[in-house]
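This is what each chain is made of:
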Amino acid sequence: MIATSYPFQYGQLDRLCATVSSLVVLFLLFCPLWLFWKRRKTRLQLSSGRCNLPTVCWMPKFITYSPEKDDHCTVEDNSYDRLLDGCLDKNFSTKKLPSSNITNILPRMERLNGPYGMYATVYGISTKVVHVAHPVPAKAMLTDQYSISKPDKHTSISESLGAIKSPAYDHFKNFSGDGVFTADGSTWKAKRTSVLHCLLKGCTKDDSQESQRLEEEANIAANGFISNATNIDGHEGTTKDRTIDGVVNVVPLLQRATIGLIYRFITHHNVNVRDERVNNKGETNIGSHNQLGDIDNAASDGSDTCTSESALESISNSSLQTKALDNDGNFQNPFHAISSYLEAITNIRMIILAQSRSIWFLLPRWMYRTFSSMYREEEKQMVAIRQFARAACKNAQPGSPLQMLRFKASHNPDMSKEVKEGSEMNKELLDEAITLLFAGQDTSAATLSWTLHLLSLHPNIQTKLATEVRDVLKDFNHGQGDRISKKMISKMDFLDAVVKESMRLYPVAPFVVRRIPYDLTIPSEKGTSHSTVTIPQDTFACIWIYGLHRNPKLWHRPDDFLPERWIDPSLQKLDDAQTKFKGTFMPFAFGPRNCVGQPLAQTILRIILARIMNDCEVIDPRVRRLDELFSEGGEEMVKYRLSLRKDMQAGFTVLPSGGVKLVINKRDNKQN
């Protein structure tokens, strides 16, 4: 027999296997030790030396996430009497993203007692995070005010401290790509300049065409909301004939009104109006006189979800949808699928936040895309979002903000003729459309939802606001149906105070994150034993706007809805936030990366709210029941009224969990 030759003898093979096994054992022993050492080193860097902050460690709590399950796993007030009977335990929650992640920030800061309330977190193994809810360190981190190792004086603002988001916002990239929200450096600076020019062109002048267009769109959105909210079962309700069955969830109505507003404003595409109403069972009554639909004439029932089955959902699944598709399979009129878009937008808010709190945030992006079911859920939601944004880009008319962006090198780097003409669409334009549509809709809808909720809990404040609105409109000889203008709302001081107070209590974005690219020194806190603090390079600064706005060291009665604090000098003096630390109030963030659409949002919010208050009264039936139970008022009444406030649906922006269910009654047309 011929001897067979093997590369290894049996003894050599055994020794090789033993060596490999030993190396594996050593690796398994060494790896945890190395990770432990690395984490301890990071913690010492934050808790000692020049930083010396109270430091805790945090690890991801979950791998998978479902927004539908997470939003509804808390006991909700489906019956208006449950809360009053003491049956609702607000602390019960099995959510992966509970609102306590936001509301517990101030108690934790008080317990840890760091300088300015700051404390640090070791996120995962070696990610350094500093949490802030005081204006001195917050403004320093957002504006590069106290850096001890500043970059060269010629460094552009886009490369300064306040402009750096990466990699803290990399988990947004699948959603908004490299739009103005997530871009950094010179790319961000160029895109922000272009967006500011195209979006705000002419809007600062009251008599300009674009300013009047904004006023007109805000009035149209308000009229659409009022029409749908007061026309359930095809008739207008009154105080006498409206019962608990007349309750409507205002959140989806406001979402539809505001997405229509921002779509029309950035595209100048005036879609036709469908005569469409929803009855109190959620059934859609659609007129047959028109092929195309309009966002402002979609309504919803009072179901728990903010994005439940609604009027336009049935359209998106009908033959009308096929007729509205172009050759590329995109909607010529995107409002045929608006319910799918708004549901996707609501879900994506929670998915993105969940991703940042899951194990996938600590792993390479390719692993998240390859192995995570969360990524597949994210991609599922992005289908409707991208489809709606593509339709907006294709429908953008000459002179509109989206159309003008086609001619900017920041959004058309190759200056492609096809992109300029609209026959082709590039990624830069699509990313910006997604960003602008979301930012324009979400900020307005969320703020108005919270504002109407608060006004419904405080009828006396609502009456005072409605009186001011009607008195000012009367001075301007405003007739029924006339447009409310920027000049009119500039005379409404209490209206401005109500909007500010609502955004103080419920800022749309409860926190923002920035990366500190070099050591940053914060001056010592006056009146304390704390010394200066030097935040190490490459630390993530988490500025809690929610905490800034409710910090009891900065505001008197921080949790109360008190609009007078903004206009009454005697109350203003009680708020250090308005005297010693001006700039504490930052609902649109602060510094070079603040909200690009802030001037538009300020006008939109006030015009829509003024229109609603002029025409309607918003009533929470639970308050009516409270008035019956506590006719004499007192502390018990105040306590229960605070407990009626809605919980927050945690996402990277916040909406009222379960929606806001109100009775909306038309006011008397006669001026007060």
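Predicted, not measured: the structure shown is a model, and the values here were computed from it.

Caption draft 1: Representation of the overall build of the protein. From N to C terminus, the protein includes 26 helices and 16 strands. If you take every contact in the protein between residues at least 6 apart in sequence, the share linking residues at least 24 apart comes to 74%. Accessible surface, the protein as shown: approximately 29,100 Å² in total, 53% of it carbon and sulfur.

Caption draft 2: Local environment of the sheet that holds strand β2 (residues 119–123). The strand order across the open sheet formed by 5 strands is β1-β2-β3-β12-β9, and the pairing between neighbours is mixed. The sheet is open, and its two edges are formed by β1 (55–58) and β9 (511–516), each paired on a single side. Sheet twist, expressed as the average angle between the axes of neighbouring strands with direction ignored, equals 25°. Note that strand β3 (residues 127–132) and strand β12 (residues 539–544) share 4 bridges and pair parallel. What sits directly across from His-131, in β12, is Cys-542.

Caption draft 3: Examining the packing of aromatic side chains more closely. Evaluation of the coordinates by the stated rule reveals 18 aromatic pairs. Ring centres of Phe-172 and Phe-181 lie 5.1 Å apart, and the angle between their planes is 75°; on these two criteria the pair is classed as edge-to-face. For Phe-181, a relative accessible area of 29% corresponds to the partly exposed category. With 5.0 Å between their ring centres and 45° between their planes, Phe-511 and Trp-544 make a pair best called tilted. Taken together, the positions of Phe-511 in strand β9 and Trp-544 in strand β12 put the pair 33 residues apart, joining distant regions of the chain. Ring pairing ties together the aromatic residues Tyr-169, Phe-172, Phe-175, Phe-181, Phe-438 and Phe-652, which thus form one cluster. Over the face of the ring belonging to Tyr-169 we find Lys-165, whose NZ or CZ atom lies 4.7 Å from the ring centre. The ring centre of Phe-181 lies 4.0 Å from the NZ or CZ of Lys-165, which sits over that ring.

Caption draft 4: Spotlight on unusual backbone geometry. Residue Pro-167 is reached from Ser-166 by a cis peptide bond, and omega for that bond is 0°. Locating Pro-167 in the fold gives a position in the loop between α6 (135–143) and α7 (173–176). A positive phi angle, near 60°, is found at Tyr-116, a position not held by glycine. Within the fold, Tyr-116 resides in the loop between α5 (105–112) and β2.

Caption draft 5: Representation of the environment of Leu-495. Secondary-structure assignment places Leu-495 in helix α21 (residues 493–505). Distance in space between the C-alpha atoms of Leu-495 and Met-613 is 9.7 Å, their sequence separation being 118 residues. The residues touching Leu-495, leaving out its near neighbours within four places in the chain, are Leu-465, Glu-468, Ile-489, Arg-606, Leu-609 and Ala-610.

Caption draft 6: Molecular detail of a nonpolar patch on the surface. Together, Leu-13, Leu-16, Val-20, Val-24, Phe-27 and Leu-28 give the surface a local cluster of nonpolar side chains, amounting to about 540 Å² of exposed area. With respect to the helices and strands, the residue Leu-28 is situated in helix α1 (residues 10–47).

Caption draft 7: Layout of the sheet that holds strand β16 (residues 661–666). The antiparallel open sheet is built from 3 strands, whose spatial order is β6-β16-β13. Since the sheet does not close on itself, it has two edges, and those belong to β6 (248–249) and β13 (616–619), each with one partner. Note that β6 and β16 share 2 bridges and pair antiparallel. Looking at the pairing, Val-248 lines up with Leu-662 of β16. Across the sheet, helix α24 (residues 598–615) lies against β13 and β16, angled at about 90° from β13, the strand it touches most.

Caption draft 8: Highlighting the packing of helix α18 (residues 427–457) against α24. Their axes nearest at 10 Å, the elements α18 and α24 cross at an angle of 40°. It follows that α18 is oblique to α24 by the angle criterion. Relative to α24, α18 is oriented so that their crossing is right-handed. Facing α18, whose interface residues are Thr-443, Ser-444, Thr-447, Leu-448, Thr-451, Leu-452 and Leu-455, α24 presents Ala-601, Ile-604, Leu-605, Ile-608, Leu-609, Ile-612 and Met-613. Looking at side-chain class alone, the contact of α18 with α24 contains 10 nonpolar, 4 polar and no charged residues.

Caption draft 9: Here's a closer look at the confidence of the model for the protein. The share of residues in the protein with pLDDT of 70 or more is 77%, and the mean pLDDT across the chain is 80. Ranking the elements of the protein by mean pLDDT puts helix α11 (residues 311–316) last, at 33, and α21 first, at 97. Contacts of residues 151–162 to residues separated by more than four positions or lying in other chains number 29 contacts, the stretch itself having pLDDT below 50. Scored below 50 in pLDDT, residues 272–325 shows 157 contacts in the model against residues more than four places distant or in partner chains.

Caption draft 10: Structural view of the environment of Arg-514. Mapped onto the elements of the fold, Arg-514 is located in strand β9. Classification of Arg-514 as buried rests on a relative accessible area of 2%. Separated by 372 residues in sequence, Arg-514 and Leu-142 have C-alpha atoms that sit 7.4 Å apart.

Caption draft 11: View of the side chain of Gln-462. Inspection of the secondary structure assignment puts Gln-462 in helix α19 (residues 459–475). Looking at Gln-462, the relative accessible area reads 3%, which means it is buried. One polar contact links the side chain of Gln-462 to the main-chain amide nitrogen of Val-618, over a distance of 2.8 Å. Once residues within four sequence positions are removed from consideration, Gln-462 is found in contact with Leu-455, Ser-456, Met-613, Cys-616, Glu-617, Val-618 and Arg-667.

Caption draft 12: Region of the structure containing the pattern of salt bridges. Per the counting criterion, the structure on display carries 22 salt bridges. Salt bridges sharing partners connect three or more residues here, namely Lys-173, Asp-178, Lys-427 and Asp-431.

Caption draft 13: Focus on helix α10 (residues 250–267). Between its first and last C-alpha, α10 extends 26 Å over 18 residues, near the 26 Å set by a 1.5 Å rise per residue. α10 sits mainly inside the fold: 18 of its 18 residues count as buried. Where α10 begins, one side-chain oxygen reaches toward the backbone nitrogen of Val-251, 3.3 Å away; that side chain belongs to Asn-249. Once α10 ends, the next one or two residues include His-268, with phi positive near 55°.

Caption draft 14: Just the nonpolar core, in detail. Core analysis: the biggest nonpolar cluster contains 143 residues, and Met-141, Phe-175, Phe-225, Leu-437, Ile-535 and Leu-609 have the highest contact counts within it. The element that contributes the greatest number of residues to this core is α18, accounting for 14 residues. Beyond its immediate stretch of four places on either side in the chain, Leu-437 contacts Ile-259, Ile-262, Tyr-263, Ile-266, Tyr-341, Phe-388, Ala-389 and Ala-392. By size, the runner-up hydrophobic cluster in this structure holds 12 residues, among which are Leu-97, Tyr-368, Met-374 and Ala-650.

Procedures and definitions
- Residues numbered from 1 in each chain as written.
- Predicted model: local features only at pLDDT ≥ 70, side-chain atom pairs only at ≥ 80, totals over all residues.
- Heavy atoms only, no water.
- Helix = DSSP H or I, 4+ residues; strand = E, 2+ residues; numbered from the N terminus.
- Contact = heavy atoms within 4.5 Å.
- Areas by Shrake-Rupley, 256 points an atom, 1.4 Å probe, with all protein chains shown as cover.
- Pairing = 2+ DSSP bridges.
- Axes fitted to C-alpha atoms, helices over the stretch in contact; angles between N-to-C directions.
- Phe/Tyr/Trp six-rings, centres within 6.5 Å; stacked < 30°, edge-to-face > 60°.
- Buried < 20%, exposed > 50% of the residue type's maximum accessible area, 1.4 Å probe, protein only.
- Lys NZ or Arg CZ within 6 Å of the ring centre and 35° of its normal.
- Patch = residues over 30% accessible without salt bridge, like charges linked within 9 Å, V, L, I, M, F, W, Y side chains within 5 Å.
- Salt bridge = Lys/Arg side-chain N within 4 Å of Asp/Glu carboxyl O.
- Parallel < 35°, antiparallel > 145°, perpendicular 65-115°, else oblique.
- Left-handed = near helix turned anticlockwise from the far one by under 90°.
- Nonpolar A, V, L, I, M, F, W, Y, C, P; charged D, E, K, R; others polar.
- pLDDT = per-residue confidence, 0-100.
- Polar contact = N/O pair within 3.5 Å; in protein donor to acceptor, adjacent residues only side chain to side chain.
- Expected span 1.5 Å × (residues − 1).
- Core = buried A, V, L, I, M, F, W, Y, C linked by side-chain atoms within 4.5 Å.

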